[in-house]
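What follows is the residue order along each chain.
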Amino acid sequence: MKKNWRKKIGFVLLFIFVFCLFLECYHLKKIYFISKKEAYETTWNISLPDDLKEIYHVQTPVVFLPDGEKYTVFEVQKEQMGLEGFYRGGIQKKFAEDMLELLEVPEEEKPDFSKNYVWREYRKHSDTLLVLYFFEENRVYFFQKLI
């Protein structure tokens, strides 16, 4: 009788362990394996269209903290891109050009600054996010620097 009881307790404890392991893996997946879109939304507290399609991404190597530079290009439906708070002209291209050079972005993945675009800059402490939206290409370019 005692052997049977031990087997039942062992089975219940094993089931609880496996269930907890599953929950922990699911939780870690949500934290560490979110999409780049979700990462930008979370970091900068912004809302982006659901239909963003990642075209290109490059970043500096991550050592421990998620600091450094990131450059991401998304394709978006024209009607979906909300442009509240975006500006035309007056942008300092140096920030974007310096990052493109640092990350060694190939020429075909760089934005063409001679075309029409709008921009918006977000700042949080020493961190910067520059978002460029090019009308003709329906592409959104993200330049992020976290310190």
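Treat the numbers as computed from the prediction; the structure is a model and nothing was measured. (Residues numbered from 1 in each chain as written. Predicted model: local features only at pLDDT ≥ 70, side-chain atom pairs only at ≥ 80, totals over all residues. Heavy atoms only, no water.)

Engineer: Explain the pattern of salt bridges to me, and be specific about the residues and the numbers.
Structural biologist: In the structure shown here, the tally under the stated rule is eight salt bridges. Linking D98 and K94 is a salt bridge whose minimum nitrogen-to-oxygen distance equals 3.1 Å. One end of the pair, D98, and the other, K94, are both in helix α3 (residues 93-102), four residues apart, so they sit about a helical turn from each other. Classification of D98 by relative accessible area gives partly exposed; the value is 38%. We note a salt bridge from R123 to E121, for which the minimum N-O separation is 3.4 Å. The exposure class assigned to R123 is exposed, which follows from its relative accessible area of 58%. Bridged by salt links that share partners, the residues K37, E41 and D50 form one connected network. (Salt bridge = Lys/Arg side-chain N within 4 Å of Asp/Glu carboxyl O. Helix = DSSP H or I, 4+ residues; strand = E, 2+ residues; numbered from the N terminus. Buried < 20%, exposed > 50% of the residue type's maximum accessible area, 1.4 Å probe, protein only.)

Engineer: Describe in detail the sheet that holds strand β4 (residues 117-124), supporting the description with residues and values.
Structural biologist: An order of β1-β2-β6-β5-β4-β3 is seen for the six strands of this open sheet, with the pairing classed as antiparallel. This sheet does not close on itself; its edge strands, each paired only once, are β1 (53-59) and β3 (87-88). The pairing of strand β2 (residues 68-75) with strand β6 (residues 139-146) spans eight bridges and is antiparallel. Pairing of E69 across the sheet is with K145, part of β6. This element, helix α2 (residues 36-44), spans β1, β2, β4, β5 (127-134) and β6 of the sheet and lies at about 120° to β2. (Pairing = 2+ DSSP bridges. Contact = heavy atoms within 4.5 Å. Axes fitted to C-alpha atoms, helices over the stretch in contact; angles between N-to-C directions.)

Engineer: Describe the packing of aromatic side chains, naming the residues involved and giving the relevant values.
Structural biologist: Scanning all chains against the criterion turns up twelve aromatic pairs. Centre to centre, the rings of F113 and Y117 are 5.8 Å apart; their planes meet at 75°, and the pair counts as edge-to-face. Of the two residues examined, F113 and Y117, each falls in the buried class. Between K124 and the ring centre of W44, over which it is positioned, the NZ or CZ distance is 5.5 Å. (Phe/Tyr/Trp six-rings, centres within 6.5 Å; stacked < 30°, edge-to-face > 60°. Lys NZ or Arg CZ within 6 Å of the ring centre and 35° of its normal.)

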